[in-house]
Amino acid sequence: MLNFNSKTLVTKLARPHLKLSSILSFILASGLSLPVIADEEVNVYSARKEALIKPMLDRFEEESGVAVNLITGSADALLRRLQVEGEYSPADIFITVDAGRLHRAKKAGVLQPFQTAKIDELVPEHLRDSDDYWYSLSQRSRTIFYAKDKVTPEQLSSYEALADSEWKGRICVRSSGNIYNQSLVASMIEVNGAKATQEWVKGLMANLARPPFGGDTDLLKAVATGVCDVTIANTYYFGRMMKSDNALDQLVAEKVGVFWANQAESDRGVHMNVSGAGITAASVNKDSAIKLIEFLLSNEAQTWYADVNNEYPVVDGIAPPVNLASFGDFRTDKISLTKLGDNNLEAVKIMDAAGWK
Amino acid sequence: MMLDLAKRMTLFRPNWLMLISVAVALLLALPVLVILTNVLTGQANVWQHLIDTVLTDYISSSLLLMLGVGAGSLLLGVPTAWLTSVCRFPGHKWLAWALLLPLAVPAYIIAYTYTGLLDFAGPVQTLIRDLTGLSYGEYWFFEVRSLPGAIVMLSLVLYPYVYLMSRAAFLEQSANTLEVSRSLGYSHTRSFFKLALPLARPAIVAGVTLALMETLADYGTVKYFGVASFTTGIMRTFNGFGDAAAASQLASVLLLFVTCLILLERYSRRRISYHSSGIRKASNRKIELNKKQGVLAALVCFLPVFLGFIVPGLQLTYWAIFSSEGIDSSFIQLAWNSLYLAALAALIAVVLALILAYASRLNKRKAVQASVTVAGLGYALPGTIIAIGIIIPFAWLDHKIIAWVQEVFEVRFGLILSGTLFALLFAYTVRFMAVSLGAVQSGLGKITPSLDAAGRSLGYKPMDVLRKIHLPLMKSSVLTALLIVFVDVLKELPATLILRPFNFNTLAVRAFELASDERLADAAPASLMIVLVGLVPVILLSRSIGSGQAH
Amino acid sequence: MRDMTSLPPAHMLTDLDIKNVSVSYDDKAIIQGVNFKLVAGQIGCLLGPSGCGKSTLLRAIAGFEQVSAGTIELDGKVLSEPGSLINPEQRNIGMVFQDVALFPHLTISQNIEFGIQHWSKSERQQRTEHLLKLVGLSGFETRYPSSLSGGQQQRIALARAMAPKPKLLLMDEPFSGLDAKLREELVPDVRAILLAEKMSAILVSHDQMEAFAMADQIAVMSEGQIHQLDTAYQIYHKPATRFVASFIGHGDLLPSKVCGSNCVVSDLGEIKGKTDHGFKADEEIDLLIRPDDILHDDDSEFMGEIVSKWFRGSHFLYRVRLASGKVVYCFASSHHNHCVGQSIGLSVHLDHLVLFPRES
C-alpha cells in the first residue's frame with residue numbers, strides 16, 4: 001500500500017455526516033490514505049536543510065508531544081507553494097535562511113503577525129520584523145577571508161576596499177545567484193546608494209582571479225591552495241572546516257585567516273544575515289507553532305546552532321561558536337533586515353548590469 | 001502505399017481513443033500552458049532588464065552547451081555503438097552493456113565527483129603542485145568548473161541515449177546491406193560512413209535529441225559549474241526577482257528551443273518510411289578485428305565506461321567510506337521511497353505513452369498528432385518550472401473541491417491533490433513523457449498494419465490482437481521505456497524537492513541537500529545508492545537489448 | 001473468438017455477392033457503385049492499375065473498410081451495409097497480405113495455428129501438418145519466419161490464412177514481392193492448392209498474366225469502377241470498354257468506318273465479323289486490333305513498313321507503320337525474319353469485331 005502522506009486533514013468535524021464515511025472511503029480507494037492524526041501537530045516548510053533543522057524538531061517532539069511534519073526546499077519554491085495553496089495551506093511555519101525571503105513572504109500576505117512575551121524578550125529589535133510577522137532564529141556573518149601567507153590583516157579594511165586596484169587578480173567570489181551575495185549587495189545599496197554600489201561591483205569584478213564559481217567552501221579552499229588571496233564567505237563554513245579531520249579542510253583552517261570587515265570606528269560592521277521563522281496566515285495550529293518557535297529560541301536550540309553549525313545565536317547570553325571565538329569579537333551591521341528584502345531586486349539588477357555572473 | 005494503409009487502418013473505430021489521447025495530452029501540457037499564460041502577466045521592466053544584460057549570455061551559453069553536448073554524445077555514443085554491434089573484439093560482449101552504465105549516474109553527481117577530483121584543491125592538482133613545486137596559475141590544467149567542463153560532464157552521462165538508439169539501429173541493419181557495399185569495393189570504414197551511418201541517422205538524431213533536451217533541462221550541473229545557461233537564468237530570475245512571470249518568459253524561450261529541436265528531429269526523419277520491414281534478417285556475421293584493431297576498439301569502448309561510471313563510482317565509494325554520514329537504517333526508507341516512486345512513475349508514463357502512441361498510429365488527424373508533440377514538451381523544462389506549473393492548477397482545483405465539500409458536508413478538508421505523491425507522480429509523467437513516448441513509438445513503428453489485419457482476419461477481436469500480437473512484439477520497447485523512465489525519475493531532483501509531501505525524502509533529495517550544503521563527502525552514500533539502485537534497471541535494459549536479437 | 005457452431009463444413013461452398021457498393025474516405029469516393037459476384041469454389045481477381053480501388057474493395061470485403069452504399073453478402077448473409085458492418089474477425093474470411101505479415105515472434109506452426117486456437121490439439125496438429133504438406137514446406141514447424149525465403153514466407157502466409165477453413169480467401173497482391181521466376185512457380189501452385197481445398201478466393205493484382213493464370217473470373221477495375229467482369233478469354237478478346245482494351249494485352253485502335261451490319265473499312269481494307277456489331281452505317285468508329293489479328297501475308301495488297309521488332313522465340317512481334325501513318329503490332333512466325341525499314345504485306349484475321357464509338 002502506498003503511503004500517500006497527504007495532509008488531508010479533517011480539522012473541524014462540525015456535524016458528523018453519514019456521507020462523510022463514503023467520501024473517506026473514496027479517498028482511501030483512490031490511493032490516498034489519511035495519516036493518523038496526532039492530537040497536536042505542527043507543519044513546517046523549511047528552507048533550512050533537513051540536517052540543520054530536523055534534530056531540533058525531533059527534540060521538540062520529544063519534549064512537547066507535538067508531532068512535527070517537515071518539508072524542506074528552496075525558499076522561493078516553498079513561498080510559491082504557500083501562495084498558491086492560500087488559505088488551505090497545511091503549513092504552519094515558514095523557515096528561511098535569509099531575511100529577504102521572510103520579508104517577501106510577509107509582502108505576499110502568507111504570514112500573520114504573532115507575539116508572546118517570551119519571544120519579545122528574547123529577540124532583539126533589529127533581528128525581527130517591525131510588524132512582528134517574523135523573528136530571527138540564528139545569525140550568520142559574511143566577512144572577508146585571506147591567505148595568511150600573502151596578505152596581512154593590515155592590508156584589509158572593508159568590503160568597499162576590495163574594489164581597489166591593488167587587489168587586481170587576487171579575489172574569488174561565488175556567483176551572484178547566491179542569496180548571501182545578493183543580501184550583501186542589498187545592504188551596500190542601503191548604505192552607499194545604488195550608483196556607488198554598481199561602481200563597487202564593477203571594481204570587484206575587475207579584481208577577480210577567475211570567474212565566479214562554486215560555494216563558500218570552494219572559495220575557502222581556493223584561498224588555501226593559492227588560487228586567490230582574498231574571498232568573501234560565511235563564517236560557519238570556515239568553522240565547520242576547522243572542526244573537520246579531513247586533510248584539505250585542515251589545510252584551509254591552517255592557511256586562511258578571518259578578517260572582520262568594516263570595523264572602523266565610524267563604519268557599520270560585519271554584514272549579517274539571519275535564518276528566521278514566521279507563522280503562516282493559513283495556520284490552523286498556531287499555538288503549537290508558537291511553541292515550536294519558542295523552543296527554537298530556547299537555550300538548548302540556540303546553543304545547538306552555535307555548536308553544530310557555527311552560527312551566531314540571536315538570544316543574548318548564549319555563547320558564540322567556540323572555534324570562531326578565537327578570531328575575536330566584532331561589531332555587526334545593525335541594518336534593518338527588512339531593508340535587505342526591499343533592496344534585493346535592485347541588488348540582482350546591479351549585479352547583472354555590472355557583469356557579476 | 002503502406003502509409004496509405006496505415007492511414008486507413010481501422011483496428012478500432014478510434015474516436016474514443018482520439019478523445020482520450022487529446023485529453024491526456026492536454027493534461028500533460030497543463031503545466032506548460034500555465035507557465036505560458038504567466039508570460040502575459042510579467043513586469044515589463046524585469047524582462048527589459050534581462051534583455052539588456054544577461055539574455056544574450058544565456059542564449060549563447062545554452063547554444064554552446066547544446067553544440068558541445070551534441071558533439072560529445074555523438075563522439076562517445078555512435079562509434080561505440082557501431083563497434084559493439086558489428087565487430088568482434090576482446091570484451092565486446094560486456095562492453096556492449098557496460099556502455100549503458102553511465103545512464104545510472106545523475107549529471108549533478110558526476111559534476112560533484114569530478115570537481116572533487118580535478119579541482120584546484122583536488123588530489124590531482126595537489127599532486128601536480130607537490131611534484132613540481134609550482135603553485136596554482138603557474139601550470140595549465142583543465143578547468144572543470146567551466147562551460148567546457150559542463151559539456152564533458154553532461155556528455156559523459158548523456159551519451160548512453162545516443163548509444164542506445166544507434167546500437168538498436170545498427171543491429172537492425174542487415175549484414176547483407178553491408179556486404180553488398182563491400183562487394184562494390186567499399187572498405188569497412190567507407191561502408192560505415194556511406195551506408196551504416198546514413199541508415200542509422202534517424203535513430204542517432206533521436207538519441208541526440210533526447211540528450212540535448214536533458215541538457216537544456218539540466219540545472220544541477222550548470223549551476224554548480226557557474227555556467228549562465230537558460231535554466232540557471234530561469235531559476236535566478238525566479239529566485240532573485242521573485243518574479244515568476246519573467247521566469248516564465250525565459251522558460252518560453254527555452255520551449256522555443258525545444259520546439260525547434262523536435263521539428264529538426266522530425267525533419268531528419270521525413271524521408272524514412274513509416275514502417276520498417278516487418279521481419280528483419282538476423283545475422284550473426286560480425287567483423288573480426290585483428291589484434292591491434294581489437295585492442296584499440298576495446299579501449300575506445302572502455303573509455304566512456306571508465307570516465308562516465310568507474311571513476312565517479314570509485315570517488316563516491318571512497319567518499320562514502322570516509323564520510324561521517326554512514327549508511328544507516330534511514331537509507332532503507334529513502335531507497336524504498338525512491339524505488340517505488342520511480343517504478344510507479346515509469347508505469348504511468350508508459351501506459352499513457354501507449355495510449356498516445358496508439359492514438360497517433362490509428363488516427364492521422366492533426367489534433368492527435370499535435371497532442372503527441374505537446375505531450376512531450378515537458379522533457380526540456382527544468383523540474384522546478386514544471387513543479388510550479390503543477391501546483392498552481394492543482395491548488396486551484398483543491399480550493400474548488402474544498403469549497404464544495406465545505407458547502408455540502410460542512411467539513412473542512414486540507415489539500416487533496418497538491419502536496420501529495422499524486423502531484424509528484426504527475427510532475428514525473430509530464431517531465432519524462434517524451435522518453436517513454438519515443439521508445440514506445442519506435443516499437444510500434446515496427447508492427448505493420450497488415451499484422452493487425454492478419455490477426456483480425458484470423459478471427460481475433462481488436463483486444464485479442466493487442467494481447468496476442470502487439471504485446472509480445474512491443475515487449476522490449478515497453479520494457480525499454482519503463483526502465484529509462486525509472487532511471488530518470490530516480491535521478492530527478494528539482495520537482496521532487498518542491499512537490500514532495502511532508503516527511504518524505506528520496507535518495508536524490510538527501511544527496512542534494514548535503515551536497516548543496518557543500519558537504520560532498522557526506523552526500524556520497526546517498527549518491528552511491530542512487531547509482532546502485534539505478535544500475536539494476538540499466539543492466540536489465542542492456543540484457544533486453546542483447547536478447548532482442550534472438551530471432 | 002469465433003463461435004465454432006457457426007462454422008460451416010468446408011465442403012459447403014458459398015457465393016459472394018457485392019451489390020452496388022461504394023466506399024468513400026472524407027467524402028471522396030474511392031469505389032463507386034460496384035457489382036461483383038463470385039460463384040462458390042471459383043477464384044476471382046480484381047485487376048487494375050494501382051490506385052484503381054481494388055485493394056480498397058478487397059479490404060471492404062474483409063471488413064476493414066465501411067461501405068458508404070450498397071451491400072456485401074456472403075452465402076446470403078449481409079456482411080456490410082452503410083452504417084453497419086460485421087467485424088473482420090466474425091466474417092470467416094481469410095486474408096493473405098502483400099507484405100506477408102507473418103508474426104515474427106511466433107514459429108511457423110504457431111503462425112499457422114494462430115487462427116485455430118479453439119480447435120483441439122490433435123486437430124490443430126493435423127491441420128498444420130496437412131497445410132505444410134500442401135504448400136510443400138513440411139518440416140518447417142519450429143522455424144521462425146525470419147529464417148525463410150520470400151517465397152516460403154508467402155506459402156506459410158497462405159497456409160495460415162487457409163487454416164481456419166474460411167468461406168473465402170482474400171489475397172492482396174500476394175506475389176508482388178517475389179521475383180518473376182518464383183512468381184511463375186508459385187502462381188500455378190497456389191491455384192492448385194486452392195482448388196484442392198475447394199476454396200473460393202479473390203486475388204488483387206495489377207499483373208494480367210498473374211490474373212489469367214489464377215482466376216476464373218476477372219474484374220477489371222479503373223477509378224473505382226468495375227469495367228468488365230468476365231473470364232480471361234472474354235476480357236482479352238471482347239473487352240467491354242476502351243480502358244479494358246488498352247489495359248489488357250497489346251493492341252491498337254484502328255480508325256474505321258462502318259460499311260455494313262457486320263463490316264467495317266479501315267487502313268487494312270474491309271474487315272468482316274461473324275456477328276452483327278450494332279453500329280449504324282457510315283459511323284466513324286475505332287477497331288481493336290490485337291497483334292495476333294494481323295498476320296504477315298506476302299500476297300496482301302496492304303503494305304506496312306517495319307518500325308521495330310522483337311524476337312520471341314516461336315514468333316516475331318513487329319511494329320508496323322501503315323500507309324496512313326498509324327502504327328500497329330503484327331505477329332509473324334519466326335522464320336519470317338525481316339529487317340527494320342523493310343515493307344511487308346499484312347492481312348487481318350478476325351472472328352468478331354471489337355468496336356468503340358469514336359471519341360470526339
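This structure is a prediction, so every number in the text was calculated from the model and none was measured.

K.L.:
If you had to explain the overall build of chain B to someone new, which residues and values would you point to?
P.N.:
Broken down by element type, chain B carries 23 helices and three strands. Within chain B, contacts between residues separated by at least 24 positions form 82% of all contacts whose residues are at least 6 apart in sequence. Entry remark: accessible area of chain B is about 21,200 Å², with carbon and sulfur atoms responsible for 69%.

K.L.:
Just give me the short version of helix H6 (residues 107–118) of chain B, but keep the residues and values in it.
P.N.:
Residues and elements named next belong to chain B. Counted at 1.5 Å a residue, the expected span for H6 with its twelve residues is 16 Å, and the 16 Å between its end C-alpha atoms agrees. In terms of burial, H6 is largely enclosed, as eleven of its twelve residues are buried. For H6, the full list of buried residues reads Ala107, Tyr108, Ile109, Ile110, Ala111, Tyr112, Thr113, Tyr114, Thr115, Leu117 and Leu118.

K.L.:
Describe the packing of aromatic side chains, listing the residues and the values that go with them.
P.N.:
Residues and elements named next belong to chain B. Under the criterion given, the structure shown has 27 aromatic pairs over all chains. Here the aromatic rings of Trp94 and Phe302 are separated by 6.4 Å at their centres, their planes lie at 75 degrees, and the arrangement is edge-to-face. Here the residue Trp94 occupies a position in helix H5 (residues 92–98), and Phe302 occupies one in helix H14 (residues 291–322), the gap between them amounting to 208 residues. Assessed through its relative accessible area of 42%, Trp94 is described here as partly exposed.

K.L.:
Mind laying out the packing of H6 of chain B against helix H8 (residues 147–172) of chain B, listing which residues take part and the relevant values?
P.N.:
Residues and elements named next belong to chain B. Taken N-terminus to C-terminus, the directions of H6 and H8 make an angle of 130 degrees; their axes are 9 Å apart at the nearest point. Comparing their axes, H8 and H6 come out oblique. The chirality of how H6 crosses H8 is right-handed. Residues Ala107, Ile110, Ala111 and Tyr114 of H6 touch H8, and the partners they reach there are Met153, Leu154, Leu156 and Val157. Within the contact of H6 with H8, the residues separate by chemical class into eight nonpolar, no polar and no charged.

K.L.:
Got a sec to walk through the sheet that holds strand S10 (residues 217–222) of chain C? Specific residues and values, please.
P.N.:
Residues and elements named next belong to chain C. The strand order S7-S8-S9-S3-S10-S11 describes an open sheet built from six strands, whose pairing is mixed. The two strands at the open ends of the sheet, each matched to only one other strand, are strand S7 (93–96) and strand S11 (225–230). Ignoring which end each strand starts from, the neighbouring axes of this sheet average 20 degrees apart. Of the strands in this sheet, strand S3 (43–47), S7, strand S8 (168–172), strand S9 (200–205) and S10 are in contact with helix H1 (residues 54–62), which crosses S8 at around 150 degrees.

K.L.:
Break down the nonpolar core for me, with residues and values.
P.N.:
Counting 227 residues, the largest nonpolar core has Leu16 and Ile202 of chain C as its most contacted members. The biggest single contributor to this core is helix H15 (residues 329–362) of chain B, with 17 residues. In this view, Ile202 of chain C contacts Leu16, Phe36, Leu38, Gly44, Leu46, Leu58, Ile61, Leu168, Leu169, Leu170 and Met171 of chain C; residues no more than four positions away in its chain are not counted. Leu57, Val110, Ile279 and Ile290 of chain A belong to the second largest nonpolar core, which has 108 residues in total.

K.L.:
How would you summarise the pattern of salt bridges if you had to cite specific residues and measurements?
P.N.:
Side-chain pairs of opposite charge can arise where the charged atoms are in close proximity. One pass over the structure, following the stated rule, counts 47 salt bridges over all chains. In this structure, the salt-bridge partner of Glu40 of chain A is Lys291 of chain A, at a minimum N-O distance of 3.4 Å. Placement of Glu40 of chain A in the loop between helix H1 (18–29) and strand S2 (41–46) and of Lys291 of chain A in helix H11 (residues 286–296) is noted, with a sequence separation of 251 residues between them. Among the residues examined, Glu40 of chain A registers a relative accessible area of 33% and is labelled partly exposed. Here Glu185 of chain C makes a salt bridge to Lys181 of chain C, at a shortest N to O gap of 3.4 Å. Of this pair, Glu185 of chain C and Lys181 of chain C both sit in helix H5 (residues 180–196), four residues apart, which is roughly one turn of the helix. Overall, the relative accessible area of 38% leaves Glu185 of chain C in the partly exposed class. Here the salt bridges do not stand alone but share partners, grouping Arg59, Glu62, Glu63 and Glu300 of chain A into one network.

K.L.:
Kindly report on the state of the cysteines, identifying the contributing residues and their values.
P.N.:
Tallied over the full model, the rule gives two disulfides over all chains. Shown here is the disulfide that connects Cys172 of chain A with Cys228 of chain A, its sulfur atoms set 2.1 Å apart. Taking the sign of the S-S torsion, -115 degrees for the link of Cys172 of chain A and Cys228 of chain A, the bridge is left-handed. Placement of Cys172 of chain A in strand S7 (residues 171–172) and of Cys228 of chain A in the loop between helix H8 (216–224) and strand S8 (230–234) is noted, with a sequence separation of 56 residues between them. Since its relative accessible area comes to 1%, Cys228 of chain A is described here as buried. What pairs with Cys259 of chain C in a disulfide is Cys263 of chain C, and their sulfur atoms sit 2.1 Å apart.

K.L.:
Hey, could you go over a nonpolar patch on the surface for me, with residue numbers and the actual values?
P.N.:
Residues and elements named next belong to chain B. Where nonpolar side chains cluster on the molecular surface, the patch consists of Trp16, Ile20 and Met463 and spans about 310 Å² of accessible area. For Ile20, the location among the structural elements is in helix H2 (residues 15–39). With relative accessibility at 34%, the residue Ile20 sits in the partly exposed group.

K.L.:
I'd like to hear about the environment of Gln302 of chain A, residue by residue, with values.
P.N.:
Residues and elements named next belong to chain A. Within the element layout of this structure, Gln302 appears in helix H12 (residues 299–309). C-alpha separation for the pair Gln302 and Pro320, spaced 18 residues apart in sequence, amounts to 9.4 Å. The contact partners of Gln302, leaving out residues within four places of it in the chain, are Leu137, Leu296, Leu297, Pro313, Val314, Val315 and Ile318. At 2.9 Å, the side chain of Gln302 forms a polar contact with the backbone nitrogen of Val314.

K.L.:
Explain helix H19 (residues 449–457) of chain B to me, and be specific about the residues and the numbers.
P.N.:
All names here are of chain B. Taking burial as the measure, the nine residues of H19 include nine buried ones, the bulk of the element. When H19 is considered as a whole, its buried residues turn out to be Pro449, Ser450, Leu451, Asp452, Ala453, Ala454, Gly455, Arg456 and Ser457. Two residues or fewer after H19 comes Gly459, characterised by a positive phi angle close to 95 degrees.

K.L.:
Lay out the pairing of strand S10 (residues 271–280) of chain A in plain terms, naming residues and giving numbers.
P.N.:
Residues and elements named next belong to chain A. With ten of its ten residues buried, S10 lies for the most part within the structure. Note that strand S4 (residues 93–96) and S10 share four bridges and pair antiparallel. Across the sheet, residue Phe94 finds its bridge partner in S10, namely Gly278. As paired elements, strand S5 (residues 111–112) and S10 share two bridges and run antiparallel to each other. Bridging across to S10, Gln112 finds its partner in Ile279. Across eight bridges, the pairing between strand S6 (residues 134–147) and S10 is antiparallel. Within S10, the position partnered with Ser136 by the bridge is Gly276.

K.L.:
Summarise the confidence of the model for chain B; cite the residues concerned and give the values.
P.N.:
Residues and elements named next belong to chain B. On average, residues of chain B score 81 in pLDDT, and 87% of them are at 70 or above. Element-level mean pLDDT values for chain B span from 40 in helix H1 (residues 2–8) up to 92 in helix H4 (residues 55–86). Low confidence marks residues 1–12, where pLDDT is under 50. Its contacts with residues over four positions away, or in another chain, come to 29 contacts. Within the model, the stretch residues 273–283 combines pLDDT values under 50 with 30 contacts to residues more than four positions away or in other chains.

K.L.:
Requested: an account of the side chain of Thr107 of chain C, with residues and values cited.
P.N.:
All names here are of chain C. Along the chain, the position of Thr107 falls in the loop between S7 and helix H2 (108–113). Overall, the relative accessible area of 11% leaves Thr107 in the buried class. Beyond its immediate sequence surroundings of up to four residues, Thr107 is in contact with Glu141, Thr142, Arg143 and Tyr144.

K.L.:
If you had to explain the side chain of Ser300 of chain C to someone new, which residues and values would you point to?
P.N.:
Residues and elements named next belong to chain C. With respect to the helices and strands, the residue Ser300 is situated in the loop between strand S16 (294–296) and strand S17 (302–311). Overall, the relative accessible area of 13% leaves Ser300 in the buried class. There is a polar contact of 2.4 Å between the side chain of Ser300 and the backbone oxygen of Leu346. What Ser300 contacts, discounting residues up to four positions off in sequence, is Gly345, Leu346 and Ser347.

Scoring rules and cut-offs
- Residues numbered from 1 in each chain as written.
- Chains lettered and ligands numbered in written order.
- Predicted model: local features only at pLDDT ≥ 70, side-chain atom pairs only at ≥ 80, totals over all residues.
- Heavy atoms only, no water.
- Helix = DSSP H or I, 4+ residues; strand = E, 2+ residues; numbered from the N terminus.
- Contact = heavy atoms within 4.5 Å.
- Areas by Shrake-Rupley, 256 points an atom, 1.4 Å probe, with all protein chains shown as cover.
- Expected span 1.5 Å × (residues − 1).
- Buried < 20%, exposed > 50% of the residue type's maximum accessible area, 1.4 Å probe, protein only.
- Phe/Tyr/Trp six-rings, centres within 6.5 Å; stacked < 30°, edge-to-face > 60°.
- Axes fitted to C-alpha atoms, helices over the stretch in contact; angles between N-to-C directions.
- Parallel < 35°, antiparallel > 145°, perpendicular 65-115°, else oblique.
- Left-handed = near helix turned anticlockwise from the far one by under 90°.
- Nonpolar A, V, L, I, M, F, W, Y, C, P; charged D, E, K, R; others polar.
- Pairing = 2+ DSSP bridges.
- Core = buried A, V, L, I, M, F, W, Y, C linked by side-chain atoms within 4.5 Å.
- Salt bridge = Lys/Arg side-chain N within 4 Å of Asp/Glu carboxyl O.
- Disulfide = S-S within 2.5 Å.
- Patch = residues over 30% accessible without salt bridge, like charges linked within 9 Å, V, L, I, M, F, W, Y side chains within 5 Å.
- Polar contact = N/O pair within 3.5 Å; in protein donor to acceptor, adjacent residues only side chain to side chain.
- pLDDT = per-residue confidence, 0-100.

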